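Report on the structure
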Amino acid sequence: EKKKPFLGICLGMQLAVVEFARSQCGMAGANSEEFDKSSPHPVVIFMPEGSKEVMGGTMRLGTRRTILKSKDCATAKLYGEDFVDERHRHRYEVNPKVVPELEAKGLKFVGMDETGQRMEIVELQDPSHPYFVGAQFHPELKSRVMCPSPLFVGLLRASAGQNPFDELEMPQTPRKGRRSTG
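**Quick notes on the overall build of the protein**
Secondary structure summary: the protein contains four helices and nine strands in total. Out of the 182 residues belonging to the protein, those deemed buried represent 45%. Here the contacts in the protein between residues at least 6 apart in sequence split such that 62% fall between residues at least 24 apart. Entry remark: accessible area of the protein is about 9800 Å², with carbon and sulfur atoms responsible for 52%.

**Topic: the pairing of strand S3 (residues 41–46)**
Here strand S2 (residues 30–32) pairs with S3 via three bridges, running parallel. By the bridge assignment, Ser 32 is partnered in S3 with Val 44. Two elements, S3 and strand S6 (residues 92–94), share three bridges in a ladder whose sense is antiparallel. Residue pairing for S6: Ile 45 is matched across the bridge by Glu 93.

**Brief notes about unusual backbone geometry**
Backbone geometry follows two general trends: most residues other than glycine have a negative phi, and most peptide bonds adopt the trans configuration. Positive phi values are uncommon outside glycine, yet Lys 3 reaches one of about 60 degrees. Within the secondary structure layout, Lys 3 lies in the segment before strand S1 (6–9). Looking at Lys 3, the relative accessible area reads 35%, which means it is partly exposed. Positioned with a positive phi, Cys 10 is a non-glycine residue whose angle comes to about 55 degrees.

**Side note on the environment of Gln 125**
If you trace the backbone, Gln 125 turns up in the loop between strand S8 (119–124) and strand S9 (132–135). Taking the C-alpha atoms as reference, Gln 125 lies 9.0 Å from Lys 105; in sequence the two are 20 residues apart. Those residues in contact with Gln 125 that sit more than four places away from it in its chain are Gly 106 and Lys 108.

**Structural notes on the packing of aromatic side chains**
Within a pair of aromatic rings, the relevant descriptors are the distance that separates the centres and the angle that separates the planes. Counted under the stated rule, the structure contains two aromatic pairs. Taken together, a centroid distance of 5.3 Å and an interplanar angle of 80 degrees make the contact between Phe 46 and Tyr 92 edge-to-face. Here the residue Phe 46 occupies a position in strand S3, and Tyr 92 occupies one in strand S6, the gap between them amounting to 46 residues. Residue Phe 46 is classed as buried on the basis of its relative accessible area of 5%. When the ring centre of Phe 83 is taken as reference, the NZ or CZ atom of Arg 65 above it lies at 3.9 Å.

About the thresholds
- Every chain is numbered on its own, with residues counted from 1 as its sequence reads.
- Only residues with pLDDT of at least 70 are given local features in this predicted model, and only at 80 or more are side-chain atom pairs given and counted; all residues enter the totals for whole chains, interfaces and linings.
- Calculation of side-chain values draws on the structure's entire complement of heavy atoms; hydrogens and water are dropped beforehand.
- Segments assigned H or I by DSSP are reported as helices when at least four residues long, segments assigned E as strands when at least two residues long, and all are numbered from the N terminus.
- Partly exposed residues are those whose accessible area sits between 20% and 50% of the maximum for their type, while under 20% is buried and over 50% is exposed, using a 1.4 Å probe and protein chains only.
- Only heavy atoms enter the contact rule, under which two residues are in contact if any of them lie within 4.5 Å.
- Residue exposure ignores everything except the shown protein chains as possible cover, and the areas themselves are Shrake-Rupley values with a 1.4 Å probe.
- Whether two strands pair comes down to DSSP finding at least two bridges between them.
- Centres within 6.5 Å are what make two rings of Phe, Tyr or Trp a pair, Trp counting through its six-membered ring; a difference in plane orientation under 30 degrees is then read as stacked, over 60 as edge-to-face, and the rest as tilted.
- Distance and angle both matter: a charge sits over a ring if NZ of Lys or CZ of Arg is within 6 Å of the ring centre and within 35 degrees of the ring normal.

Rendered as structure tokens:
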């Protein structure tokens, strides 16, 4: 609405989806099951395979691959790849049942897990908006001083009025992190 650069990480992405559902899709009372289990529009849900009774060991943890649906999305331009390997730490995720309605109004889920079931990255498809990216993963966990996450670089550049997709002009070192297969 105010065209401020935005990067939502994990809960930040989830709440951006909640707000978009309420304000753009007319889903009054849309919410996350984490905050309102009786929401008429649960746009963020507990992971289906998780246990609600036993909390120990029920989070989605570790480095996971996210497949980008388009090389034209902001995330693909920033990472320079058609996939992203980042670390996760969450129990709640976007409800796949509401994705078609959200996408029809301009909130595009551009990154999904390898199964195509989990929504991992969301972008606002508004060419007048300087930067709007939400990620279910935690890019800060693999960022380093001389090799920050591309999502942070994009946010800072957009916030400074620069093109978020310009090439980095700083030394690059590999971002550390093992890839989990399960």
